[in-house]
Every structure is written in structure tokens, then in C-alpha cells.
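# Residue-level structural notes
What follows is the residue order along each chain.
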Amino acid sequence: MSQEELRVKSFPSPGDEGSFIQGVKDCIPTLLGYLSIGFAAGVLEKTAGLSIMEITLLSVLLYAGSAQFIAAGMIAAGSSATAIVITIFFVNLRHILLSAALSPYFRHLTAFKNMLVGSLLTDETFGVAINEAAKKKQLNEKWMHGLNLTAYLNWIFANIAGAYFGQWISNPEKLGLDFALPAMFIGLLVLAIVSRKKIRLDVIVAICAVVIAVGVTIVYPGNMGVIIATVVASTIGMVIDKWK
């Protein structure tokens, strides 16, 4: 084998880094979290009285972890379809912000192609994508499809598995499945911190976020502390980064 052939094999071209297959590979760190959360969602939905077919359709059409947990709980409580739809709508409004954050990287695409990219976007794939964008200052459409489709198919499989085995699992919390989602986000956060190589700044922001969240929660119980901590801590991080 010639030296030129060795060089090509050892160093993939820039196009390979943004390929569909690379998107699939970059999704792998999130798959365990998807399996755990999807399995727990399937168990809960089965407990709420849904059939395996109904659970499959719910995961295919709704494809939202928090929304599916809420839907299962409200179905079990006998809530109306209108109440379920309205609640899920407000819970998933955050996806407008997620899509808006990634939209600058896909402005060159048609509206239909943008819709294909955005329709399968989740909190987890957004985390992977925004980390990729921070490193390379760009996102490839094929890479995004690889990332999204891998997560999507894995989620559907996990829901079906949970629905099937749910008849033998009455309390998924005993298995720690309720902690799978926070654990997955912690993993994504660690990967993002390592890749940014601004550990000191990230630690400062994290400490500020924790202090603010705890302080606000003491005064105003609920989720308000998390929201305020996110806004204020990220602003502090931006100011420090620009000031340096």
C-alpha cells in the first residue's frame, strides 16, 4: 500500500465527518438514556391501560418523553382528550426555542428540508447538535438526519419493549429508570465541557447556577429557580467570556 493510500485511510476527509453514518455514531452516547426512558415510558403507558399498538403509535407520532409520561398519567386519571392535547402543547413549546437555536445552520435548505430536520429534534439530539456546532461552527444536513433517525428508531423500540415487558414491572422507579434522563444529560454536559476546553469558565457558571437555583427555590418553591438560574448563569458566563 502506498503512502498516499495510508494517508487517506488514516485521515478521513472533512466530508466524512458530516456524513449520515457519523451522525449515527454521534448519537450512540445518548442511546442508553433513550432505552431507559423509553422503556419506562412504555411500562407507564401499559400500566395506564394502553395497548401495545396504541403505545407504538404514541411513540411514533408524539415522540416526546415528557409528553408521553404526562399523557399516560392523564389517561390513567381519566382526563379528556382536549386537556391532554393542551397540556402537551404547552409542555413542548420549548421545541420552538430549540429549533430556533439550530435554524441558522440550515438557512440554505428549503422549508420542507428544514421541516424534516426539525420534526425529529429532541432535547437530547439538540444537545449533541449544539455541541457539534460549537466545535465545528457548522452542521451538516445528512449528519443531522443520522443523529435524529437513530434516536427516533431507538425510542420507538424502547417504548415497544417497555409495553411488552410492562406487565411484569409494576414500579419502574425501583429499577432507577426515573434517573436515566438526568444521567444522560449529565453525560452530554461532561462531553460538552471537555470539548470546549474552558473548564474553569464552565465550573464558575455551574457553581453560579447551583447557588442561584437553590437560593431562588428557597424563596419561590417550584421550577422557577431552574429557569432563573439558567438565564442568569448563562449571562454571567457570556460576560466573563467576552470580558476576557
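All of these numbers come straight from a predicted model, not from anything done at the bench. (Residues numbered from 1 in each chain as written. Predicted model: local features only at pLDDT ≥ 70, side-chain atom pairs only at ≥ 80, totals over all residues. Heavy atoms only, no water.)

Position of Ile204 among the secondary structure elements: in helix α12 (residues 199-219). Measuring from C-alpha to C-alpha, the distance between Ile204 and Ile240 comes to 9.7 Å, with 36 residues separating the pair along the chain. (Helix = DSSP H or I, 4+ residues; strand = E, 2+ residues; numbered from the N terminus.)

What follows deals with a nonpolar patch on the surface. Taken together, the side chains of Val210, Val214, Ile218, Val219, Tyr220, Met224, Ile227, Ile228, Val231 and Val232 define a hydrophobic patch exposed on the protein surface, amounting to about 940 Å² of accessible area. Elements with a contribution of two residues or more to the nonpolar patch: α12 and α13 (224-243). Its place among the elements puts Val214 in helix α12. (Patch = residues over 30% accessible without salt bridge, like charges linked within 9 Å, V, L, I, M, F, W, Y side chains within 5 Å. Areas by Shrake-Rupley, 256 points an atom, 1.4 Å probe, with all protein chains shown as cover. Salt bridge = Lys/Arg side-chain N within 4 Å of Asp/Glu carboxyl O.)

Let us now look at the packing of aromatic side chains. Evaluation of the coordinates by the stated rule reveals 4 aromatic pairs. Note on Tyr34 and Trp155: the rings are 6.2 Å apart at their centroids and 80 degrees apart in plane angle, and the pair reads as edge-to-face. One end of the pair, Tyr34, is in helix α3 (residues 20-47); the other, Trp155, is in helix α10 (residues 141-165), and 121 residues separate them in sequence. By relative accessible area, Tyr34 is classed as buried at 3%. Ring centres 4.8 Å apart and planes at 75 degrees place the aromatic pair Tyr63 and Tyr152 in the edge-to-face group. Note that Tyr63 is positioned in the loop between α4 (52-61) and α5 (65-76) and Tyr152 in helix α10, a separation of 89 residues in sequence. Each member of the aromatic cluster is reached from another via a ring pair, and the members are Phe39, Tyr164 and Phe165. (Phe/Tyr/Trp six-rings, centres within 6.5 Å; stacked < 30°, edge-to-face > 60°. Buried < 20%, exposed > 50% of the residue type's maximum accessible area, 1.4 Å probe, protein only.)

On to the layout of surface pockets. If you add up the space inside the second largest pocket, you get close to 300 Å³. In this structure, the second largest pocket is lined by 16 residues; those nearest its centre are Leu62, Asn92, His95, Ser119 and Leu121. For the lining of the second largest pocket, the elements supplying multiple residues, two or more each, are α4, α7 (94-102) and α8 (111-119). When residues in the lining of the second largest pocket are grouped by element, the largest group, 3 residues, is from α7. Tallied by class, the residues present in the lining of the second largest pocket amount to 11 nonpolar, 5 polar and no charged. (1 Å grid on protein atoms, 1.4 Å probe; cavity = no way out; pocket = protein on both sides within 12 Å on 5 of 7 lines; lining within 4 Å. Points joined across faces, edges and corners; volume = space filled by probe spheres on them. Nonpolar A, V, L, I, M, F, W, Y, C, P; charged D, E, K, R; others polar.)

A few words now on the environment of Trp168. Among the secondary structure elements, Trp168 is positioned in the loop between α10 and α11 (180-196). A C-alpha to C-alpha distance of 9.0 Å links Trp168 and Val43, two positions 125 residues apart in sequence.

We now examine helix α9 (residues 123-136). When the terminal C-alpha atoms of α9 are compared, their 20 Å separation across 14 residues agrees well with the 20 Å that a helix rising 1.5 Å per residue should span. All of the buried residues in α9 are Glu124, Thr125, Phe126, Val128, Ala129, Asn131, Glu132 and Ala133. Among the residues trailing α9, Lys137 stands out with phi positive, at a value near 65 degrees. (Expected span 1.5 Å × (residues − 1).)

The next thing to look at is the nonpolar core. By size, the foremost hydrophobic cluster in this structure holds 25 residues, and its most contacted members are Leu102 and Met144. Sorting the residues of this core by element identifies α3, α7, α9 and α10 as the ones contributing at least two each. Ranked by residue count, the leading element in this core is α10, at 7 residues. Ignoring sequence-local partners within four residues, the contact set of Leu102 consists of Leu121, Phe126, Ala129, Ile130, Leu139 and Met144. With 6 residues, the next largest nonpolar core counts Ala67, Met74, Ile84 and Ile88 among its residues. (Core = buried A, V, L, I, M, F, W, Y, C linked by side-chain atoms within 4.5 Å. Contact = heavy atoms within 4.5 Å.)

This paragraph deals with the side chain of Asn159. By secondary structure assignment, the location of Asn159 is in helix α10. At a separation of 2.8 Å, a polar atom in the side chain of Asn159 contacts the side chain of Gln68. Residue contacts for Asn159: discarding those within four places in its chain leaves Gly38, Ala41, Gly42, Glu45, Ile55, Ser59 and Gln68. (Polar contact = N/O pair within 3.5 Å; in protein donor to acceptor, adjacent residues only side chain to side chain.)

Per-chain confidence: the protein chain averages 81 in pLDDT, with 82% of residues scoring 70 or above. Ranking the helices and strands of the protein chain by mean pLDDT puts α10 first, with 93, and helix α1 (residues 3-10) last, with 42. Confidence drops under pLDDT 50 across residues 1-15; counting only partners more than four residues distant or on other chains, this segment forms 2 contacts. (pLDDT = per-residue confidence, 0-100.)

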